[in-house]
Amino acid sequence: MSDSVTRLENLYRDVGPSLLAYLQRRFGDVHAAEDLLHETFFQAARRQEGLTIAVSPRAWLFGIAKNLALTAHRRRRATCPLSSVLTTPEATDDPRLELVREAVGRLPAAQREALELRLREGLSYSEIASALAIPVGTVRSRLHHAVHRLRASMAEADE
Amino acid sequence: MDREALDRLLLDRSLGALSSDVEALLAAQIETDPSAQQRWSEYASVTTAARQVLHSNTVSSLPPFPSARIQGLERTRRQLVLFRRVAGLAAALVVGTVLGSWWVRPAAPALQPDKRPAFVHQASGDTERAGRSEKSDFWSIRRLHQTAQASARDGATRVIWDSPVSRPRIGGEL
């Protein structure tokens, strides 16, 4: 097995679970998410140069996954409503967490995506910027707006 | 520090995006500012709750790595690289051969000593008469004709010299 395949396999073990979770949240369909995960690594194997020069291979893979997910979503738009691009987090027993869950579900898709990549996947601001192909300042702004919105929702509920 | 800048830093801290030294400086700043402490606790509780909510999603187990597909791609890529190298080498050889044959093509042949114009004395009436005498010495007409014919066979240029008092001229084929 060549070095590049071994490297990709190691990345698959390290980043694969996060990518699968990300794709599953975007689709809600486990099988579609698994297909997209495989396709992400196949595309990565086709673009070895990108992987070599990427500052963060993790962010680079997230970028590929995001683009593939968008393309796949466009293809099945006729049968899938746009609101289901990002799935809502699962319900919890804790009323306070349930409140936050609903507030997260109400966030604009762009803010929610940035928040998920930061809080769930642990990507840095620059990695999120690389994955979403947006400036770092935009990432910071989206995250700040998202936290402000969540805080406002919680404040409303407390009152 | 103004409130907006402090808020931005507090948000970044709640999102875990500050470096340790900046965070230590901010912590020292918050300790002296009760309102900042209040805001920090609000941001921290929001992001902690959001983190818990986002992590609660169940994810299916990771499917096996698609090694067969990716190795197939690698094989194809290696074959393509090999083909490109061979094709490049072949193209370089062809170009080299063509250029080389053009560059070192044989030069125009130099005038050989035996190709030098032969001096032919055109037979005049007197010399014809002299030729009929069938002399075969050096200046005989017969020998001169033989020389001229030999030169004509070799493709030599004919020089016509009718008379010793006139200039020789270049003529056509014998």
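These lines cover the structure that appears in this document, whether it is placed above or below. Numbering of residues starts from 1 in every chain and runs along the sequence as written. Ligands are numbered from 1 and chains lettered from A, in the order in which they are written. Side-chain atom pairs in this predicted model are given and counted only at pLDDT of 80 or more, local residue features only at pLDDT of at least 70, and totals for whole chains, interfaces and linings cover all residues.

**Re the overall build of chain A**
- What counts as a helix is a DSSP run of H or I of at least four residues, what counts as a strand is a run of E of at least two, and both are numbered from the N terminus. Counting its secondary structure elements, chain A contains 8 helices and 0 strands.
- Comment: burial labels come from other C-beta atoms within 10 Å of the residue's own C-beta, placed from the backbone, where a count of 20 or more is buried, 12 or fewer is exposed, and between is partly exposed. The burial tally for chain A puts 38% of its 159 residues in the buried class.
- Nonlocal contacts in chain A, meaning residues at least 24 apart in sequence, comprise 63% of its contacts between residues at least 6 apart. Remark: residues whose backbone-derived C-beta atoms lie within 7 Å of one another are considered to be in contact.

**Observations concerning the overall build of chain B**
- When its secondary structure is counted, chain B shows 6 helices and 3 strands.
- Each of the 174 residues in chain B was classed as buried or not, and the buried ones make up 11%.
- The long-range share in chain B, meaning contacts at least 24 apart out of those at least 6 apart in sequence, stands at 52%.

**Notes on helix 4 (residues 57-75) of chain A**
All names here are of chain A.
- Any helix carries an expected span of 1.5 Å times its number of residues minus one. When the terminal C-alpha atoms of helix 4 are compared, their 27 Å separation across 19 residues agrees well with the 27 Å that a helix rising 1.5 Å per residue should span.
- Looking only at helix 4, the buried set comprises R58, A59, W60, L61, F62, G63, I64, A65, K66, A69 and A72.
- Its buried side turned inward, helix 4 meets helix 1 (3-27), helix 2 (30-46), helix 3 (48-53), helix 6 (109-119) and helix 7 (125-132).

**Focus: the interface of chain B and chain A**
- At the junction of the two partners, chain B supplies 31 residues and chain A supplies 41 residues.
- Elements with a contribution of two residues or more to the side of chain B that touches chain A: helix 1 (3-14), helix 3 (34-55) and helix 4 (67-103) of chain B.
- Looking at the side of chain B that touches chain A, the element that brings in the most residues is helix 3 of chain B, giving 11 residues.
- A class-by-class count of the residues in the side of chain B that touches chain A yields 16 nonpolar, 10 polar and 5 charged. When residues are sorted by character, Ala, Val, Leu, Ile, Met, Phe, Trp, Tyr, Cys and Pro go into the nonpolar class, Asp, Glu, Lys and Arg into the charged class, and all the rest, Gly among them, into the polar class.

**As for the packing of helix 6 of chain A against helix 3 of chain B**
- For the pair helix 6 of chain A and helix 3 of chain B, interaxial distance at closest approach is 10 Å and the crossing angle is 85 degrees. With respect to their mutual orientation, helix 6 of chain A and helix 3 of chain B come out roughly perpendicular. Residues A:L115, A:E116 and A:L119 of helix 6 of chain A touch helix 3 of chain B, and the partners they reach there are B:T47, B:A50, B:R51 and B:L54. The angle between two axes is taken between their N-to-C directions and runs from 0 to 180 degrees, where each axis is a line fitted to C-alpha atoms and a helix contributes only its stretch in contact. Small angles under 35 degrees read as roughly parallel and large ones over 145 as roughly antiparallel, with 65 to 115 read as roughly perpendicular and the rest as oblique.

**Here's the deal with the nonpolar core**
- Note on terminology: a nonpolar core is any set of buried Ala, Val, Leu, Ile, Met, Phe, Trp, Tyr and Cys residues joined through C-beta atoms within 7 Å. Formed by 54 residues in total, the largest nonpolar core has its most connected members in A:L19, A:L23, A:F62, A:A65 and B:A50.
- For this core, the element with the highest residue contribution is helix 1 of chain A, accounting for 9 residues.
- Sequence-distant contacts of A:L19, that is, excluding residues within four places in its chain, are made with A:L37, A:T40, A:L61, A:F62 and A:A65.

**Observations regarding the environment of B:E23**
Residues and elements named next belong to chain B.
- Position of E23 relative to the elements: it lies in helix 2 (residues 20-31).
- Judged by C-beta crowding, with 15 C-beta atoms within 10 Å, E23 ranks as partly exposed.
- Excluding anything up to four places from it in sequence, E23 contacts R13 and L18.

**Remarks on the packing of helix 1 of chain A against helix 2 of chain A**
Residues and elements named next belong to chain A.
- In contact at an axis separation of 9 Å, helix 1 and helix 2 are set at 140 degrees when each is read in the N-to-C sense. Considering the angle they form, helix 1 stands oblique to helix 2. The element helix 1 and its partner helix 2 pack so that their crossing is right-handed. Two secondary-structure elements touch here, helix 1 through L8, Y12, G16, L19, L20, L23, Q24 and F27 and helix 2 through V30, A32, A33, E34, L36, L37, T40, F41, A44 and A45.
- Of the residues contributing to the contact of helix 1 with helix 2, the split by class is 14 nonpolar, 3 polar and 1 charged. Crossing handedness is read from the near helix: turned anticlockwise from the far helix by less than a right angle, it gives a left-handed crossing, and turned clockwise, a right-handed one.

**So, the environment of A:R149**
All names here are of chain A.
- Considering the arrangement of structural elements, one finds R149 in helix 8 (residues 136-158).
- Sequence separation of R149 and L107 is 42 residues, and the distance between their C-alpha atoms is 7.6 Å.
- Aside from chain neighbours lying at most four places away, what touches R149 is A103 and L107.

So, to be careful, I would describe these as geometric facts and stop short of saying anything about function.
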